[in-house]
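# Structure assessment
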Amino acid sequence: MRVALYPGTFDPITFGHTDIIRRASVLVDKLVIGVAINRDKKPLFSLEERVAMIKPEIDALSKETGTQIIAHPFENLLIDCAHDVGAQIIVRGLRAVADFEYEFQMVGMNRTLDASVETVFLMADAKRKAIASKLVKEIARLDGDVSKFVPPHVNTALIERFQG
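Every value quoted in this text rests on a predicted model; they were computed, and no experiment measured them.

Another point: the overall build of the protein chain. Each helix and strand counted, the protein chain has six helices and five strands in total. Each principal axis of the C-alpha distribution contributes one length, and for the protein chain these read about 45 × 35 × 30 Å. Per-residue burial for the protein chain yields a buried fraction of 43% across its 164 residues. For the protein chain, the share of sequence-separated contacts (at least 6 apart) that also reach a separation of at least 24 residues comes to 75%. Carbon and sulfur atoms form 56% of the exposed surface of the protein chain, whose accessible area is close to 9,000 Å². Of the side-chain charges in the protein chain, 21 are positive and 22 negative, and the distance between the mean point of each set is 3 Å.

Printed below as a string of structure tokens:
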């Protein structure tokens, strides 16, 4: 069984993330969405809220693609998370050259820790490459419309968080 891990903070999940999830799911038998607990990033949404926002998206994509897709919170090393979920592949999305610099370093470190886990990069769809959770939160905080960037239930959660 080919198992892949797609890690991130998903704070919140965007259409950019769901595009990568959809495309990665056709490459594997099981896709684990690793929801990172990254205290340094000070997420807007709690881990529980982020997992709850992801669940409807991955349930729909799992049904659409026939691939088992699950959410898995983690706070350990990425390579250890890959071991925990039995992943042989780590999926990373790239939007721009700036993403590549960081990802290139991370791949090198992960390969040193365990060369048997391969990293696969998926380029963001041209229509989605500008979407970043950080920018989505900033637009929502300033009362802008983010409905083109996030699923409806995430849009509602952002409105409630900033206007509630």
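This part is about the pairing of strand β4 (residues 89-94). For β4, a buried count of five out of six residues is recorded, marking the element as mostly surrounded by other parts of the structure. With two bridges joining them, strand β1 (residues 3-8) and β4 adopt parallel strand pairing. Looking across to β4, one finds that Ala-4 is bridged to Ile-89. Where β4 and strand β5 (residues 118-123) come together, six bridges link them in parallel fashion. Across the sheet, Arg-92 pairs through a bridge with Phe-121, a residue of β5.

With that settled, consider the packing of aromatic side chains. Summed over all chains, the structure comprises three aromatic pairs. Each ring, one from Phe-100 and one from Phe-121, has its centre 6.4 Å from the other, and the planes form 55°; the classification is tilted. Here Phe-121 lies in strand β5 and Phe-100 lies in helix α4 (residues 97-113), a separation of 21 residues in the sequence. Here Phe-121 falls in the partly exposed class, since its relative accessible area comes to 29%. Among the aromatic residues, those joined into a ring-pair cluster are Phe-100, Phe-104 and Phe-121.

Among the seven residues that make up strand β2 (residues 30-36), seven are buried, leaving the element largely enclosed by the rest of the structure. The alternating pattern of β2 places Lys-30, Val-32, Gly-34 and Ala-36 and Leu-31, Ile-33 and Val-35 on opposite faces, both of which are buried. Direction of pairing for β1 relative to β2: parallel, over a ladder of six bridges. The residue bridging Gly-8 from the neighbouring strand is Val-35, located in β2.

Before going further, it helps to spend a moment on helix α5 (residues 133-141). Within the span of α5, buried status applies to Ser-133, Val-136 and Ala-140. Projected down its long axis, α5 carries its buried residues within an arc of 60°, all on one side. Asp-143 sits one or two residues past α5 and shows a positive phi near 70°.

This part takes up the nonpolar core. By size, the foremost hydrophobic cluster in this structure holds 29 residues, and its most contacted members are Tyr-6, Ile-21, Leu-31, Ile-33, Val-91 and Leu-158. Looking at this core, the elements that each hand over two or more residues are β1, α1 (15-25), β2, α2 (47-65), β4, α5 and α6 (152-163). Considering every element that reaches this core, the biggest residue donor is α2, with five residues. When residues no more than four places from it in sequence are discounted, the contact partners of Ile-33 are Tyr-6, Phe-10, Ile-21, Ile-54, Ile-58, Ile-69, Ile-70, Ala-71 and His-72. Ranked by size, the runner-up nonpolar core spans 14 residues in total, among them Val-3, Ala-87, Met-106 and Val-117.

Criteria and thresholds
Residues numbered from 1 in each chain as written. Predicted model: local features only at pLDDT ≥ 70, side-chain atom pairs only at ≥ 80, totals over all residues. Heavy atoms only, no water. Helix = DSSP H or I, 4+ residues; strand = E, 2+ residues; numbered from the N terminus. Buried < 20%, exposed > 50% of the residue type's maximum accessible area, 1.4 Å probe, protein only. Contact = heavy atoms within 4.5 Å. Areas by Shrake-Rupley, 256 points an atom, 1.4 Å probe, with all protein chains shown as cover. Lys, Arg positive; Asp, Glu negative; His and termini not counted. Charge placed at Lys NZ, Arg CZ, Asp CG, Glu CD. Pairing = 2+ DSSP bridges. Phe/Tyr/Trp six-rings, centres within 6.5 Å; stacked < 30°, edge-to-face > 60°. Arc of directions from axis to C-beta. Core = buried A, V, L, I, M, F, W, Y, C linked by side-chain atoms within 4.5 Å.

Just geometry here; none of it tells us what the structure is for.
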